[in-house]
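Chain by chain, the residues run as shown.
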Amino acid sequence: MAYKKKKQQEKSEMRGLILKTAMNLFLDKGFVNITIRNIAEKIEYSPATIYFILQNKDEILYALRREGFDKLYEHQSSSLKLNDPLKRLHKHGEAYIQFALENPEYYD
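Read on for an overview of the structure. Treat the numbers as computed from the prediction; the structure is a model and nothing was measured. (Residues numbered from 1 in each chain as written. Predicted model: local features only at pLDDT ≥ 70, side-chain atom pairs only at ≥ 80, totals over all residues. Heavy atoms only, no water.)

This part covers the layout of surface pockets. In this structure, the largest pocket occupies an estimated 370 Å³ of space. Taken together, 17 residues line the largest pocket, and the ones lying closest to its centre are R65, E105, Y106, Y107 and D108. Residue assignment for the lining of the largest pocket shows that the elements contributing at least two residues are α1 (2-29), α4 (57-76) and α5 (85-102). For the lining of the largest pocket, the leading source of residues is α4, giving six residues. Per-class residue counts for the lining of the largest pocket are twelve nonpolar, two polar and three charged. (1 Å grid on protein atoms, 1.4 Å probe; cavity = no way out; pocket = protein on both sides within 12 Å on 5 of 7 lines; lining within 4 Å. Points joined across faces, edges and corners; volume = space filled by probe spheres on them. Helix = DSSP H or I, 4+ residues; strand = E, 2+ residues; numbered from the N terminus. Nonpolar A, V, L, I, M, F, W, Y, C, P; charged D, E, K, R; others polar.)

Excluding glycine, a negative phi dihedral is what most residues carry, and trans is how most peptide bonds are arranged. One non-glycine residue, E44, lies in the positive phi region at around 60 degrees. Tracing the backbone shows E44 in the loop between α2 (36-43) and α3 (47-53).

We now examine the packing of aromatic side chains. Per the counting criterion, the structure on display carries two aromatic pairs. Measuring from ring centre to ring centre gives 5.0 Å for F26 and F31, while their planes differ by 70 degrees; the resulting arrangement is edge-to-face. Note on F31: relative accessible area 23%, which makes it partly exposed. Centroid distance F99 to Y106: 6.2 Å. Interplanar angle 20 degrees. Geometry classified as stacked. Residue classification places F99 among the buried residues on the basis of a relative accessible area of 4%. Above the ring of F52, the side-chain terminus of K11 is found at 5.1 Å from the ring centroid. Between K57 and the ring centre of F31, over which it is positioned, the NZ or CZ distance is 4.2 Å. (Phe/Tyr/Trp six-rings, centres within 6.5 Å; stacked < 30°, edge-to-face > 60°. Buried < 20%, exposed > 50% of the residue type's maximum accessible area, 1.4 Å probe, protein only. Lys NZ or Arg CZ within 6 Å of the ring centre and 35° of its normal.)

This part takes up the packing of α1 against α4. A pair of packed helices is characterised by two quantities: the angle between their axes and the separation of those axes. At a closest axis distance of 10 Å, the pairing of α1 and α4 adopts a crossing angle of 95 degrees. The angle between α1 and α4 falls in the class roughly perpendicular. Touching R15, I18, L19, A22, M23 and F26 of α1 are K57, I60, A63, L64 and E67, all from α4. When its residues are assigned to classes, the contact of α1 with α4 shows eight nonpolar, no polar and three charged. (Axes fitted to C-alpha atoms, helices over the stretch in contact; angles between N-to-C directions. Parallel < 35°, antiparallel > 145°, perpendicular 65-115°, else oblique. Contact = heavy atoms within 4.5 Å.)

A few words now on the packing of α4 against α5. Where α4 contacts α5, the two axes come as close as 9 Å, and the packing angle between them is 135 degrees. By the angle between their axes, α4 is oblique relative to α5. In this structure, α4 crosses over α5, and the sense of that crossing is right-handed. Here α4 contributes G68, K71, L72, H75 and Q76 to the contact with α5, which in turn contributes H92, A95, Y96, Q98, F99 and E102. For the contact of α4 with α5, the per-class residue count stands at four nonpolar, five polar and two charged. (Left-handed = near helix turned anticlockwise from the far one by under 90°.)

Written out as structure tokens, the structure reads:
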């Protein structure tokens, strides 16, 4: 059982490394200009390793978008506790703008 847990943790860490590297490359050179091979070269692994964890470049982009939306949701969740709908909407909008300013990479 410990072996299975360790393998899962390694896969999770590799996924994080792939996503972080892909995000940096996409921001630097643009999504259309980056290939799985470019990402693999940057992290010094084979492209097959990436394909083992994420199916293709679109899945990488989807995972990055999902990560961004999850972080945005966490950032805005405090506004859900307000009872007044107008105050809740205002707080929600402020949280959205603050998140955008603090995390511009999720908008690129």
